[in-house]
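One letter stands for each residue in the lines below.
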Amino acid sequence: METIIDRDIAKVKALKKMKRNALGLLGVAVLLFIIAIYFKIPMLQAFSEAAMVGGIADWFAVVALFRHPMGIPIWHTAIIPTKKNEIGENLGNFVSEEFLDREKLEIKLDEFNFATKASDWLSKEENANKIANAVAVNVIPEFYER
């Protein structure tokens, strides 16, 4: 049986693997850049340069959301820890106003038309047999045993 600790350990291992992969890909981009400069291949140089800039920009953007990169307290970094209450409140307001609004919910439910979708699904013999078997086994077990 897998415990919470086991899952946490698996997550940490997966994160370390992703970090190694990302660093390895950045290293490949640097190596390609050096090769492109040495052999004077402009297309490869442009590609590898873009890969390096993109990788570093992505790293900075993700790190900047959660902490101060390299410990430097730049004003627009560590956004999530410093503004988590505000983010939570805004997210809650968004969900309640956009997804739980009565009028919008009624429109979505009317558009969904559950009865039509259910009848279309049940009209397929395979699906009807699944439901019939489930009812026979779980609702009327003595009927199924005969």
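Quick summary incoming for the structure in this document. Given the structure is predicted, the values throughout are model-derived calculations rather than measurements.

Turning next to the overall build of the protein. The helix and strand inventory of the protein stands at 7 helices and 0 strands. Written out in order from the N terminus, the α and β elements of the protein read α-α-α-α-α-α-α. Here the C-alpha atoms of the protein give a radius of gyration of 27 Å, more than 25% beyond the 15 Å that 2.2 N^0.38 yields for 146 residues. Along the first, second and third principal axes, the C-alpha atoms of the protein reach 80 × 40 × 40 Å. When burial is assessed residue by residue, the protein has 8% of its 146 residues classed as buried. Expressed as a percentage of contacts within the protein between residues at least 6 apart in sequence, the contacts between residues at least 24 apart total 4%. Summed over its atoms, the accessible surface of the protein is roughly 12,600 Å², and 67% of this surface lies on carbon and sulfur atoms.

For the rest of this paragraph, the subject is the packing of aromatic side chains. Scanning the entire structure with this criterion turns up 4 aromatic pairs. Both rings, one in W59 and one in F60, keep their centres 6.5 Å apart while their planes meet at 55°; by these two values the pair is tilted. Take W59: its relative accessible area is 41%, and that puts it in the partly exposed class. Residue F60 is classed as partly exposed on the basis of its relative accessible area, which comes to 28%.

Attention shifts here to the pattern of salt bridges. For the coordinates displayed, the defined rule picks out 5 salt bridges. Between E2 and R7 there is a salt bridge, and its shortest N-O distance comes to 3.8 Å.

Moving on, we come to a positive patch on the surface. Together, K16, K17, K19, R20 and R67 give the surface a local cluster of positive charge. Summarising the element assignment, R20 is placed in helix α1 (residues 4–39). Taking the relative accessible area as the measure of exposure, R20 reaches 55% and is therefore exposed.

Here the focus is the packing of α1 against helix α2 (residues 42–66). Interaxial distance between α1 and α2 falls to 8 Å at its minimum, and their mutual angle equals 150°. Between α1 and α2, the crossing angle belongs to the class labelled roughly antiparallel. Considering the relative orientation of α1 and α2, their crossing is left-handed. Of the residues in α2, those touching α1 at L26, A29, V30, L32, F33, I35, A36 and I37 are L44, Q45, F47, S48, E49, A51, M52 and I56. Residue composition of the contact of α1 with α2, by class: 13 nonpolar, 2 polar and 1 charged.

Scoring rules and cut-offs
Residues numbered from 1 in each chain as written. Predicted model: local features only at pLDDT ≥ 70, side-chain atom pairs only at ≥ 80, totals over all residues. Heavy atoms only, no water. Helix = DSSP H or I, 4+ residues; strand = E, 2+ residues; numbered from the N terminus. Rg over C-alpha atoms; globule rule 2.2 N^0.38 Å. Buried < 20%, exposed > 50% of the residue type's maximum accessible area, 1.4 Å probe, protein only. Contact = heavy atoms within 4.5 Å. Areas by Shrake-Rupley, 256 points an atom, 1.4 Å probe, with all protein chains shown as cover. Phe/Tyr/Trp six-rings, centres within 6.5 Å; stacked < 30°, edge-to-face > 60°. Salt bridge = Lys/Arg side-chain N within 4 Å of Asp/Glu carboxyl O. Patch = residues over 30% accessible without salt bridge, like charges linked within 9 Å, V, L, I, M, F, W, Y side chains within 5 Å. Lys, Arg positive; Asp, Glu negative; His and termini not counted. Charge placed at Lys NZ, Arg CZ, Asp CG, Glu CD. Axes fitted to C-alpha atoms, helices over the stretch in contact; angles between N-to-C directions. Parallel < 35°, antiparallel > 145°, perpendicular 65-115°, else oblique. Left-handed = near helix turned anticlockwise from the far one by under 90°. Nonpolar A, V, L, I, M, F, W, Y, C, P; charged D, E, K, R; others polar.

Any link to function would need more than the numbers given here.
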